[in-house]
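# Examination of the molecular architecture
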Amino acid sequence: MAMAAFRREGRRLAPLISPRPITAVRSSPLPPTHEDEGPIGVRYISTQVVRNRMKSVKNIQKITKAMKMVAASKLRAIQSRAENSRGLWQPFTALLGDNPSIDVKKSVIVTISSDKGLCGGINSTSVKISKALHKLNSGPEKENKYVVLGEKAKAQLVRDSKKDIELIITELQKNPLSYSQVSVVADDILKNVEFDALRIVFNKFHSVVSFLPTVSTILSPEVVEREAEAGGKLGDLDSYEIEGGETKSEILQNLAEFQFSCVMFNAVLENACSEQGARMSAMDSSSRNAGDMLDRLTLTYNRTRQASITTELIEIISGASALEG
Amino acid sequence: MLRRASGLLARPILSARARSFATDLPAAQTADETFVKTWKKVIPNIDPPKTPLSFMQPRPPTPSSIPSKLTVNFVLPYASELSTKEVDMVIVPATTGQMGVLPGHVATISELKPGVLSVHEGNEVIKYFVSGGFAFVHANSVADIIAVEAVPLDRIDASLVQKGLAEFTQKLSSATTDLEKAEAQIGIDVHSALNSALTG
């Protein structure tokens, strides 16, 4: 096998036996032969350029590997919390059903995204789905507004839908996520935004490699009453007795607000999980690509090094044979 | 010949596997179809997003006779305390007072005030102090209780309760704005409920 390798090397070096080896020119983007100090007439082909590239690629590989480890540990911490919070929205869907295709005048799209980048395509997916929902619900007399959570979606949505953005909330994950923090955010949104239906767009954490874009719809109390009277999915809402001295509309109002904060909490946790999982796989493929690039650069480096040695030898030998005869 | 036989075997196995996945979510698919259809018409290039119904187990239908046990789901933001647990009775602290829920209870939506929730299963009773939330009782004898915070009663410190009560009473007397008065009043309500939970 070593003989075959030598034969291959010989075949590769054969076209290089010329005053200016071609590989040196190909591998360096800068003007070739950075002349080193040496005896006059001897040219050293520089491996400096390739060596610099190898160093930087190796550093990138180390950094991305470390980022992957960090993302894996953060994922472990937050995954259990997200799975525990999954029971929170189920009673509401069991009671009120799910009406993603409801026809309302004012719909507000809450897009949840991450603050930091390098997490693969999940933020672009969320923004794509939000814009598609905007298009789906557009029509005469209908208005769609955005509420943006997270820097990445803000950057993408500000570019073309700036006038439709009502509220931008960033730095959600500076402190560890808690229900009280999310309920404050939900309160903020409910106070400042008028809506008939709220659609929360987030990436649901299915597994470490799969994140499903999901949209949860929450209807305002007036729409709930209207739908309950109209019949259909919410028709049997009227059969539920309202326990308490307050009127039905007050209870429905409280219910809608509570539902919003619960669904938001679960959505934010799931999105954070998806972000860490996507970052893990992005950094993993990045370090693998860096490793591949490093292999290729090593081969180029060795070829360049051997070519320079061969050139030196040839020059010496031809110089010696010229002296002899 | 062996290859053909393995091919023949592979196809029924594959279709069996496909069929077993299809039975996972029977009722959920129909609900989302209008959404998927309208989506595909307007936006054919992108896959439609999932909706919560596809992630939920379908609820049991309303039985014709009253079942013997009540199924309780008690969820908190950080954990599902009880999920589909079969019990005899739960007593929830509704805003109108303690409400007992037995199997066959009429469908109800009730808001909860801070108080004691007790779950009766046979001879054992588990009591939690809940901060507030909602309780839904469905016609199929499934009760959903959603609370923001719940602690078992033995974890509450009586001395801290007294201190808190005194602190909030003092805050109420010194409160100036409506917001401060409301906050102090809430504090008093919660602490006096805690107090009566510990004593009663």
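This one's a predicted model, so the numbers in the text were calculated from it and none came from an experiment. (Residues numbered from 1 in each chain as written. Chains lettered and ligands numbered in written order. Predicted model: local features only at pLDDT ≥ 70, side-chain atom pairs only at ≥ 80, totals over all residues. Heavy atoms only, no water.)

## Things to note about the overall build of chain A
When helices and strands are tallied, chain A shows nine helices and six strands. Classification of the 325 residues of chain A by burial places 43% in the buried group. Sequence-distant contacts in chain A: of pairs separated by 6 or more residues, those separated by 24 or more amount to 73%. When the accessible surface of chain A is summed, it comes to about 16800 Å², and 55% of that surface belongs to carbon and sulfur atoms. (Helix = DSSP H or I, 4+ residues; strand = E, 2+ residues; numbered from the N terminus. Buried < 20%, exposed > 50% of the residue type's maximum accessible area, 1.4 Å probe, protein only. Contact = heavy atoms within 4.5 Å. Areas by Shrake-Rupley, 256 points an atom, 1.4 Å probe, with all protein chains shown as cover.)

## Digging into helix α7 (residues 179-192) of chain A
Because the α-helix completes a turn every 3.6 residues, residues three or four places apart line up on one side. Residues and elements named next belong to chain A. For α7, spanning 14 residues, the distance from its first C-alpha to its last is 20 Å, which sits close to the expected 20 Å at 1.5 Å a residue. Among the residues of α7, those classed as buried are Y179, Q181, V182, V185, A186 and I189. Looking down the long axis of α7, one finds its buried residues gathered within 165° of arc, a one-sided arrangement. Exposed residues pointing more than 90 degrees away from the buried face of α7 are listed as V184 and K191. Close packing links the buried residues of α7 with β2 (143-149), β3 (165-169) and α9 (248-324). (Expected span 1.5 Å × (residues − 1). Arc of directions from axis to C-beta.)

## Notes on the sheet that holds strand β4 (residues 197-207) of chain A
All names here are of chain A. Pairing within the open sheet is mixed, and its five strands lie in the order β3-β2-β1-β4-β5. A single partner strand is all that each edge strand has here, and the edge strands are β3 and β5 (210-219). Adjacent strand axes in the sheet meet at a mean angle of 20° when their direction is disregarded. Both strand β1 (residues 106-112) and β4 contribute to a ladder of five bridges, which runs parallel. Paired with V110 across the two strands is I200, which belongs to β4. Along the sheet, α9 contacts β1, β2, β4 and β5; its crossing angle with β4, the most-contacted strand, is approximately 35°. (Pairing = 2+ DSSP bridges. Axes fitted to C-alpha atoms, helices over the stretch in contact; angles between N-to-C directions.)

## Some words on a nonpolar patch on the surface
A grouping of I309(A), L313(A), I316(A) and I317(A) is seen on the molecular surface, where their side chains present a nonpolar patch of about 380 Å² in accessible area. By the secondary structure assignment, I316(A) is in helix α9. (Patch = residues over 30% accessible without salt bridge, like charges linked within 9 Å, V, L, I, M, F, W, Y side chains within 5 Å. Salt bridge = Lys/Arg side-chain N within 4 Å of Asp/Glu carboxyl O.)

## What to know about the side chain of E275(A)
Residues and elements named next belong to chain A. Mapped onto the elements of the fold, E275 is located in helix α9. Classification of E275 by relative accessible area gives buried; the value is 5%. Within polar-contact distance, the side chain of E275 engages the side chain of Q173 at 3.3 Å. Residues contacting E275, with those up to four places away along its chain left out, are S114, C119, I122 and Q173. (Polar contact = N/O pair within 3.5 Å; in protein donor to acceptor, adjacent residues only side chain to side chain.)

## Describing the domain arrangement of chain B
Note: interface size is frequently given as the accessible area lost on complex formation between the parts. Residue and element names in this part refer to chain B. Domain assignment breaks chain B into domain 1 (67-154) and domain 2 (156-199). For domain 1 versus domain 2, the separation of C-alpha centres amounts to 25 Å. The interface is formed by seven residues belonging to domain 1 together with six residues belonging to domain 2. Summing the contributions of domain 1 and of domain 2, the shared interface buries around 520 Å²; its carbon and sulfur component is 78%. Three residues stand out in domain 1 for area buried against domain 2, namely P114, F129 and L153, and they jointly supply 75% of the buried area on that side. (Domains from an automatic or database assignment. Buried area = accessible area lost by both parts, 1.4 Å probe.)

## So, the UniProt feature "domain: ATP synthase F1 complex delta/epsilon subunit N-terminal" (unreviewed entry) in chain B
In this numbering, the UniProt entry assigns the feature "domain: ATP synthase F1 complex delta/epsilon subunit N-terminal" (unreviewed entry) to residues 70-142 of chain B. For the annotated span residues 70-142 of chain B, helix accounts for 0% and strand for 71% of the residues, and the straight-line distance between the end C-alpha atoms is 6 Å. (UniProt positions renumbered as here; feature names shortened; annotations may be inferred.)

## Quick notes on the confidence of the model for chain A
Residues and elements named next belong to chain A. Scored by pLDDT, chain A comes out at a mean of 84, with 85% of its residues at no less than 70. By mean pLDDT, helix α2 (residues 22-27) is the weakest element of chain A at 44, and helix α3 (residues 48-84) is the strongest at 94. This stretch, residues 30-38, has a pLDDT under 50; its non-local contacts, to residues over four places away or in other chains, come to ten contacts. (pLDDT = per-residue confidence, 0-100.)

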